[in-house]
Amino acid sequence: MTDAYVAIEGGRVVEARSRAPGTTRGELVFTTAYTGYEESLTDPSYEEQILTFSYPLIGNYGVRAERFESDRVHPRGVVARELTEDVAEWLESEGVPAVDHLDTREIVTGIRDEGAMKCGIAAGPDATEEDALAELEQCKHMSDHTEIGAQVSVGEPEVFNEDGAGSTVALIDCGAKGSIIDSLVERDAVVHVLPYDATEDDVAAIDPDLLFISNGPGDPENFEQTKTLVDSYVGETPMAGICLGQQVVASALGGSTEKMEFGHRGVNQPVRDLRTDRVVMTTQNHGYTVAEPGDRLEVTQVNVNDDTPEGLENDDLDIITRQYHPEANPGPNDSLDFFDDVLAMVED
Ligand SMILES: NC(=O)CC[C@H](N)C(=O)O
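Please read all numbers here as calculations on a predicted model, not as lab measurements.

## Focus: the nonpolar core
Counting residues in hydrophobic clusters, the biggest one holds 29 residues, and the most contacted among them are Ile172, Val203, Leu211, Ile213, Val230 and Leu253. Counting residues per element, this core draws most heavily on helix H9 (residues 244–252), which supplies five residues. Setting aside anything within four residues of it in sequence, one finds Val203 in contact with Ala170, Ile172, Leu194, Pro208, Leu211, Leu229 and Tyr233. Counting residues in each nonpolar core, the second largest holds 22 residues, with Ala176, Leu184, Ile242 and Phe339 among its members.

## Brief notes about the site of the ligand
Around the ligand, 13 residues are found, and the nearest of them are Gly216, Gly218, Cys243, Gly287 and Tyr288. In the model, an oxygen atom of the ligand is placed 2.8 Å from a nitrogen or oxygen of the Gly287 main chain. In isolation the ligand offers 300 Å² of accessible surface; the protein chains occlude 97% of this area. Every element with two or more residues in the shell around the ligand is listed here: H9 and strand S16 (279–292). For the shell around the ligand, the leading source of residues is S16, giving four residues. Residues that form the shell around the ligand fall into these classes: four nonpolar, nine polar and no charged.

## Considering the pairing of strand S11 (residues 168–173)
The buried fraction of S11 amounts to six of the six residues, a majority that puts the element mostly inside the structure. The side-chain alternation of S11 yields two buried faces, one formed by Thr168, Ala170 and Ile172 and the other by Val169, Leu171 and Asp173. Taken together, the six bridges between S11 and strand S12 (residues 190–195) define a ladder with parallel strand orientation. Paired with Thr168 across the bridge in S12 is Val190. Between the parallel elements S11 and S12, the chain passes through helix H6 (residues 178–186) in a crossover that is right-handed. Taken together, the four bridges between S11 and strand S13 (residues 210–213) define a ladder with parallel strand orientation. Bridge pairing links Ala170 to Leu211 in S13.

## Concerning the sheet that holds strand S2 (residues 12–20)
If you walk around this closed barrel you meet the seven strands as S1-S2-S8-S6-S4-S3-S9, and the pairing is mixed. If you compare each strand with its neighbour and ignore which way they point, the axes differ by 35° on average. The strands touched by helix H3 (residues 104–114) within the sheet are strand S1 (4–8), S2, strand S3 (22–31), strand S4 (49–53), strand S6 (77–79) and strand S9 (117–123), with S3 carrying the most contacts at an inclination of about 70°.

## Some thoughts on the domain arrangement of the protein
The assigned domain composition of the protein is domain 1 (4–140) and domain 2 (148–347). The gap between the C-alpha centroids of domain 1 and domain 2 is 27 Å. Each side of the interface is counted separately: domain 1 has 27 residues, and domain 2 has 21 residues. Taken as a group, Pro44, Ser45 and Glu69 account for 29% of the area that domain 1 buries against domain 2, more than any other trio of residues on that side. Where domain 1 touches domain 2, the interface holds one salt bridge. The salt bridge involving Lys259 is made with Glu27; its shortest N-O contact spans 2.4 Å.

## A few points about helix H2 (residues 85–93)
Residues spaced three or four apart along an α-helix face the same direction, because each turn holds 3.6 residues. Among the residues of H2, Val87, Ala88, Trp90 and Leu91 are the ones counted as buried. Taken down its axis, H2 places every buried residue within 165° of arc, on the same side. On its buried side, H2 packs onto S2, helix H1 (37–41), strand S5 (57–58), S6, strand S7 (82–83) and strand S8 (98–100). Backbone geometry just after H2 places Gly95 at a positive phi near 70°.

## Examining unusual backbone geometry
Backbone torsion omega between Asn329 and Pro330 reads 5°, so that peptide bond is classified as cis. As for its placement among the helices and strands, Pro330 is situated in the loop between strand S19 (319–322) and helix H10 (337–347). The phi dihedral of Cys243 is positive, around 55°, even though this residue is not glycine. Among the structural elements, Cys243 can be located in the loop between strand S14 (239–242) and H9. Backbone geometry at Asn329 places phi at a positive 55°, although glycine is not the residue there. You can see Asn329 is positioned in the loop between S19 and H10.

## Details of the pattern of salt bridges
Two side chains of opposite charge can pair, provided their charged atoms sit close to one another. Under the criterion given, the structure shown has 23 salt bridges. Salt-bridge contacts for Asp100 lead to Arg19; the nearest nitrogen and oxygen are separated by 3.1 Å. Of this pair, Asp100 sits in strand S8 while Arg19 sits in strand S2, and the two are 81 residues apart along the sequence. By relative accessible area, Arg19 is classed as buried at 15%.

Thresholds applied
Residues numbered from 1 in each chain as written. Predicted model: local features only at pLDDT ≥ 70, side-chain atom pairs only at ≥ 80, totals over all residues. Heavy atoms only, no water. Core = buried A, V, L, I, M, F, W, Y, C linked by side-chain atoms within 4.5 Å. Buried < 20%, exposed > 50% of the residue type's maximum accessible area, 1.4 Å probe, protein only. Helix = DSSP H or I, 4+ residues; strand = E, 2+ residues; numbered from the N terminus. Contact = heavy atoms within 4.5 Å. Near = heavy atom within 4 Å. Polar contact = N/O pair within 3.5 Å; in protein donor to acceptor, adjacent residues only side chain to side chain. Areas by Shrake-Rupley, 256 points an atom, 1.4 Å probe, with all protein chains shown as cover. Nonpolar A, V, L, I, M, F, W, Y, C, P; charged D, E, K, R; others polar. Pairing = 2+ DSSP bridges. Right-handed = clockwise from strand over helix to strand, strands pointing away. Axes fitted to C-alpha atoms, helices over the stretch in contact; angles between N-to-C directions. Domains from an automatic or database assignment. Buried area = accessible area lost by both parts, 1.4 Å probe. Salt bridge = Lys/Arg side-chain N within 4 Å of Asp/Glu carboxyl O. Arc of directions from axis to C-beta.

Now the structure itself:
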């Protein structure tokens, strides 16, 4: 039964079945992960995107809040071959339109061949092709979402593990996944989560041992204040970053970032450490990348598939960043030792 329409940049409209009604728009992206849908759907990095699952059946082990990475669903819409009742009900209760019964292989190969695309969706009994096209018409380019940090960041500072005996971390929340906080707390760090636009004074009030820039949605160049903060603390305080965090740190230190063709999107992205020659499997979901690291950061890890920078370091300035997600959730735990390395750097 056709009661949903997916309009894709260029004007093509794909028929589908509505699983959660409504109209929506966003940048069409995908993940090849076959598990971890609860984690992906609550990852703030997907804000303003429509997430297509390439694995054909999504929702087969239910929906449990303990696996959530934040307190809400972040993609603007969801596309899958088959969504279970559990996931469909969850998305409907969150007001996030969802569709299934369409050829997701065609969608994903389309993104792979043509790059990231704008998308509009209309789903539900009254949905029309025109509604989906009208959404597509209004869809912005990801880089034009200039206030995206404010949509996902905490408004006020929060503290985790206040009485911990470990390092004090200022985690700049550009859309942080809960697993990053958990990974630090498990190592007994005291974690102060600060808004993405925290000032030098806000951070100074905490007097942290480590400045940690989180993952997050959108174009890293739109995180101007976060870059300013990094610039003011470089060489003063050890620094770490994950995903958008790596991009922001590189950009603040004189490097540059660029939009990728279709990004790295799955839980089996191979990364080679150039110092040890070890390869690890990693979780990734990013559409931008560091183009030039600048002359203060060394590329220490690269993506085996396309040689893009996956790890940047400066041993003198005490900086370690990763483009992938060492905190996993979803995905492999191969690189959890990143958190040990970062905290060891701080203690040295
Ligand atoms: N997971 C992330 O932090 C994503 C980073 C950034 N928004 C990108 O798409 O490249």
